[in-house]
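Report on the structure
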There are 2 protein chains.
Amino acid sequence: MPSLASKAVQMPASPIRKLVPYAEAAKKAGKTVYHLNIGQPDIETPAAALEAIHQLDHKVLEYSHSAGFESYRQKLARSYQNQGIPVLTEDILITTGGSEALIFGLMTACNPGDEVIIPEPFYANYNGFAVMAGLHVVPVTAHIEDGFALPPIAQIEVKITPKTKAIIICNPGNPTGYLYTQQELEQLQLIVQKHDLFLFADEVYREFCYDGAKPFSTMNLSGIEQNVVMIDSVSKRYSMCGARIGALISKNKEFMAAALKFGQARLSPPTVDQIAAEAALDTPQNYFDEVVAEYVARRNIMVDGLNSIPGVFCPKPSGAFYCVAKFPVQNAEHFCQWLLEEFSYEGQTVMMAPANGFYASPDAGMQEARIAYVLDQAHLRSAVECLRVALEQYPGKTNS
Amino acid sequence: MPSLASKAVQMPASPIRKLVPYAEAAKKAGKTVYHLNIGQPDIETPAAALEAIHQLDHKVLEYSHSAGFESYRQKLARSYQNQGIPVLTEDILITTGGSEALIFGLMTACNPGDEVIIPEPFYANYNGFAVMAGLHVVPVTAHIEDGFALPPIAQIEVKITPKTKAIIICNPGNPTGYLYTQQELEQLQLIVQKHDLFLFADEVYREFCYDGAKPFSTMNLSGIEQNVVMIDSVSKRYSMCGARIGALISKNKEFMAAALKFGQARLSPPTVDQIAAEAALDTPQNYFDEVVAEYVARRNIMVDGLNSIPGVFCPKPSGAFYCVAKFPVQNAEHFCQWLLEEFSYEGQTVMMAPANGFYASPDAGMQEARIAYVLDQAHLRSAVECLRVALEQYPGKTNS
């Protein structure tokens, strides 16, 4: 039997993979498991998108252009412009999810062996994309005590070496929900400019900003237009995770021309899904207003609830639909497993994602877990109560 | 402006990219251009697949499992079994097109710097996938005079070095249409076994076999079950190129477990398209009978027509919907450009793909072009007549 590639061995497993069998066993044992571990929203996909799928009038399900349908790119560009984000049709390559946009983007920008700096905790699949492109992830730790704000810029700059090719941020952030301020992004701009790096900005949660906070796009940082690469996706915006439609966006024409060659090799993004994504652009503002109001209510239930449990600390994020909480336990992964394996309260328990998997630094975030508040409010209340009771019973509880 | 990665520079352009502006100019000038250059069939997608799209009853377009829907994998496995191909549900990873299956497969099997042997001419995008995985393509030339049969096995074996990790075949072949015999595949089996290589078999044209020829799947080669990786796709089978649903298939459990980690990093293949692909499995046999009869008629018009033109030679393939013809010209790319730029016959001309782009050996296939017979019979007859008249007028004609 031929041996596998070292990349195949290096590819990381999902932070929750070890817990999945315990969750399945819990369900088999009749427990209700509140899934706070995944970013699959329960929000309905906009009617316009579903209608476009139902009304598909193609007789032949053909390839689209490798960069995506021109009509979709045009309409998408206009939608950015309406939000004050200066994107032209030719700045856009439609991809199969934000994932493919990052893979193509990293392969276009970075040679194997290059380093990419990422504030941690970060979306765990960035590790997988880095392995695919042969890159080394250099983390800079953001701290829960600071609400996961951007680490001091000097701490980032000190990590830059001749091998550093890019900085990757997610804004608003998965897993933290932290929304970078314009000032934080302008600090990043200074070192990006000074060291001539690429700045990859995963902005797929842009529509999910709360308490009047306004997202500031990296595409609006003037002076580093040739360095900024924006990653986008319809997955969260329109609750269309299964459509697998994303976008790679940059003003750097040489970069976009090279990225298109990766796009041509895989022929095209899916056709029906692009048609649905194009139709989704007609979604009225009140859809988002309602969704945002719902997430604010959910966040408040979850975060306020967590902070009301003795020993738990959870900063209140301004964006996305995640939060990271610190628990009074030595090992959050063990706590998460115990919740599934040993615990139940009125037949219910909770599944969370241990946060250690979102850090590249070993042993970081050992007391933390990521919570996605993607369930309805009643279930979130029950989940908080489960956690409250669990922490009264958990044998591995610490005093801090 | 930061420099791009060397991979971005190495990524090959499509073999027809240079011709596209000439085709556009020809159309602008009012010429009818017969597109024999692309593998986008005009055959209608099966009604069952389109109906499944129209009837989609999801309220939320969610992710599927990273390996694809279980129900789809089960039904797909049964469909292979019904064809005598021993595939189990757990041998299948559903991918975003056959393209993603090859990318994941190569990254799972091969380290950067490894070599993959491919009989040429071959599907040009294999070059792009090899660049993405950092691999060196080592071609072994198949010759038009032999109808593009597998080169003598000794010529393949002599290319094997300690860096060789895999052999890639496409059967039936794009661009040649050649269908490997069981005997040819058994010869490959011997060297795969002897040198413990992976054998990647792109079998996406399996349903397109003519004149009573039966495809023999590499999954039926006994003794190398741990080495064989089959690539499949619904694109051509059901004329669903735009669905982007493929599959990576192997009995090698370690390989499949590692490939799934690449699948998990990109989350899932598209949901609606999988539902359509699953429904397409109910397509009745008479759909394929009609499609095959149509392609046989088209192939005969095209290949017999080409061979009736003085100086043109085109072996008659038993599979897929391509053929490669040798023209009495010094440079087929120039001839293809001239057809678009300078020539017309009754307001019509032809676009073909110069075959040089399907060879990795420099200067190979300079007199050849690939023709996809994906147009209706009347248009194919007109296209042949265009080529006949063109070769009477073309100034770069040779005597051979």
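Position labels on residues start from 1 in each chain and follow its written sequence. Going through the entries in the order they are written, you letter the chains from A and number the ligands from 1. Where local features are concerned, this predicted model is filtered to residues with pLDDT of at least 70; where side-chain atom pairs are given and counted, the filter is 80 or more; whole-chain, interface and lining totals use all residues. Values shown for side chains rest on all heavy atoms present in the structure; no hydrogens or waters enter the calculation.

1. Thoughts on the layout of surface pockets
One water molecule sets the probe size; rolling that probe over the atoms shows where empty space is left. Which entries qualify depends on this criterion: Definitions used for this entry: grid spacing 1 Å over protein atoms alone; cavity, a set of points where a 1.4 Å probe fits but cannot get out; pocket, an open set with protein on both sides within 12 Å along at least 5 of 7 lines; lining residue, one with an atom within 4 Å of a point. Grid points are joined across faces, edges and corners, and a volume is the space filled by probe spheres set on the points. Here a strand is any run of E in DSSP of at least two residues, a helix any run of H or I of at least four, and the numbering for each starts at the N terminus. All residues other than Ala, Val, Leu, Ile, Met, Phe, Trp, Tyr, Cys, Pro, Asp, Glu, Lys and Arg, Gly among them, are scored as polar; the first ten of these are nonpolar and the last four charged.
Computed from the structure, the second largest pocket encloses a volume of approximately 1,400 Å³. What lines the second largest pocket is a set of 45 residues, among which Ile16(A), Ile38(A), Tyr63(B), Ser66(B) and Leu267(B) lie closest to the centre. Secondary structure elements with two or more residues in the lining of the second largest pocket: helix H2 (20–28), helix H5 (97–109), helix H6 (125–133) and strand E7 (228–233) of chain A together with helix H9 (253–265) of chain B. Across the lining of the second largest pocket, the residue classes tally to 21 nonpolar, 16 polar and 8 charged.

2. Looking at the side chain of Arg206(A)
The test is simple: Only heavy atoms matter for contacts: two residues are in contact if any of them lie within 4.5 Å across the pair.
Topologically, Arg206(A) is positioned in the loop between strand E6 (198–202) and E7. With near-sequence residues (within four places) excluded, Arg206(A) lies in contact with Tyr80(A), Gln83(A), Ile85(A), Pro172(A), Pro215(A), Met230(A), Asp232(A) and Arg237(A).

3. Let's talk about empty space enclosed by the protein
Counted by the stated rule, this structure contains 8 cavities of 30 Å³ or more. Taken as a whole, the largest cavity encloses approximately 200 Å³ of empty space. Every residue lining the largest cavity is counted, 18 residues in all, and those nearest its centre are Glu100(A), Ile103(A), Phe104(A), Glu100(B) and Ile103(B). If you list the elements that add at least two residues to the lining of the largest cavity, you get H5 of chain A together with helix H5 (97–109) of chain B.

4. Describing the interface of chain B and chain A
Convention followed: Once two parts are put together, the accessible area they lose, assessed with a 1.4 Å probe and summed over both, is termed the buried area. Take a side-chain nitrogen of Lys or Arg and a carboxyl oxygen of Asp or Glu: if they are within 4 Å of each other, that pair is a salt bridge. Polar contacts, as counted here, are pairs of nitrogen or oxygen atoms within 3.5 Å of one another; within protein the pair requires one atom able to donate a hydrogen and one able to accept it, and residues that are adjacent in sequence qualify only if both atoms are side-chain atoms.
Each partner contributes residues to the interface: chain B has 72 residues there, and chain A has 72 residues. Here chain B packs against chain A, burying approximately 6,200 Å² in sum over the two surfaces, 60% of which is carbon and sulfur. If you sort the residues of chain B by the area they bury against chain A, Met1(B), Leu4(B) and Leu61(B) come out on top, with a joint share of 11%. On the surface where chain B and chain A come into contact, there are 0 salt bridges. Across the chain B-chain A interface, the total number found is 34 residue pairs in polar contact (both at pLDDT 80 or more). Listing elements by their share of the side of chain B that touches chain A, those giving two or more residues are helix H1 (6–10), helix H3 (47–54), H5, helix H6 (125–133), H9 and helix H10 (271–280) of chain B. Of all the elements, H9(B) adds the most residues to the side of chain B that touches chain A, at 7 residues.

5. Here's the deal with the sheet that holds E7(A)
Backbone hydrogen bonds hold the strands of a sheet together, and the pairing may be parallel or antiparallel. Residues and elements named next belong to chain A. This is how the line gets drawn: Two strands qualify as a pair provided DSSP detects at least 2 bridges between them. Here the axes come from fitting lines to C-alpha atoms, over the contacting stretch only for helices, and the angles between their N-to-C directions go from 0 to 180 degrees.
The 7 strands are arranged E2-E8-E7-E6-E5-E3-E4 in an open sheet whose pairing can be described as mixed. The sheet is open, and its two edges are formed by strand E2 (92–95) and strand E4 (136–141), each paired on a single side. Strand-to-strand twist of the sheet, defined as the mean angle between neighbouring strand axes without regard to direction, takes the value 20 degrees. With 4 bridges connecting them, E2 and strand E8 (residues 246–250) associate as antiparallel partners. By the bridge assignment, Thr 95 is partnered in E8 with Gly 246.

6. So, the pairing of strand E8 (residues 246–250) of chain B
Residue and element names in this part refer to chain B. The condition is simple: Exposed residues in this analysis have more than 50% of their type's maximum accessible area, buried residues have under 20%, and partly exposed residues fall in between, with area computed by a 1.4 Å probe over protein chains only.
For E8, the tally of buried residues reaches 5 of 5 residues, placing the bulk of the element in the interior. Residue alternation in E8 divides its side chains into two sets, Gly 246, Leu 248 and Ser 250 and Ala 247 and Ile 249, and both sets are buried. When strand E7 (residues 228–233) meets E8, the two strands line up antiparallel, connected through 5 bridges. Bridging across to E8, Asp 232 finds its partner in Ala 247.

7. Considering the relation of the copies chain B and chain A
For clarity, the threshold we go by: We place the copies in one frame by least squares, fitting the C-alpha atoms of every residue whose pLDDT is at least 70 in both.
Superposing chain B onto chain A takes a rotation of 180 degrees plus a shift of 0.0 Å along the axis, which leaves an RMSD of 0.0 Å. The transformation just described matches what one would write down for a two-fold rotation axis. Of the C-alpha atoms belonging to chain B, the one lying closest to the rotation axis is found on His54(B), 2.0 Å away.

8. A word on the nonpolar core
Put simply, the rule is: What we call a nonpolar core is a set of buried Ala, Val, Leu, Ile, Met, Phe, Trp, Tyr and Cys residues that are connected through their side-chain atoms within 4.5 Å.
Phe200(A), Phe327(A), Phe335(A), Phe200(B), Phe327(B) and Phe335(B) are the most contacted members of the largest nonpolar core, which totals 311 residues. Apart from the residues within four sequence positions on either side, Phe335(A) is in contact with Phe327(A), Val329(A), Met352(A), Leu387(A), Ala390(A), Leu391(A) and Tyr394(A).

9. Considerations on the domain arrangement of chain A
The accessible area lost on association of the parts is a frequent measure of interface size. Residue and element names in this part refer to chain A. For clarity, the cut-off: Domain segmentation is taken from an automatic or database assignment of domains.
Split by domain assignment, chain A resolves into domain 1 (6–44 + 286–393) and domain 2 (62–280). A separation of 26 Å is found between the C-alpha centroids of domain 1 and domain 2. Between domain 1 and domain 2, the contact holds 38 residues from the first and 38 residues from the second. Of the roughly 3,000 Å² buried where domain 1 meets domain 2, counting both sides, 65% is carbon and sulfur surface. For the pair domain 1 and domain 2, the interface holds 2 salt bridges. Asp 211 serves as the salt-bridge partner of Arg 299, at 2.8 Å between the closest nitrogen and oxygen. Counting across the interface, domain 1 meets domain 2 through 12 residue pairs in polar contact (both at pLDDT 80 or more). The dominant element in the side of domain 1 that touches domain 2, judged by the number of residues it contributes, is helix H11 (residues 285–307), at 7 residues. Of the residues in the side of domain 1 that touches domain 2, the class split is 25 nonpolar, 7 polar and 6 charged.

10. Concerning helix H8 (residues 182–195) of chain A
Residues and elements named next belong to chain A. Convention followed: Multiplying 1.5 Å by the residue count of a helix minus one yields the expected span of that helix.
End to end, H8 covers 20 Å across 14 residues, agreeing with the expected 20 Å (1.5 Å per residue, within 8%). Taken as a whole, H8 has its buried residues at Glu 184, Leu 185, Leu 188, Gln 189, Ile 191 and Val 192. Against helix H7 (153–157), strand E5 (164–170) and E6 lie the buried residues of H8. Immediately beyond the C-terminal end of H8, within one or two residues, lies Asp 196, with a positive phi of roughly 50 degrees.

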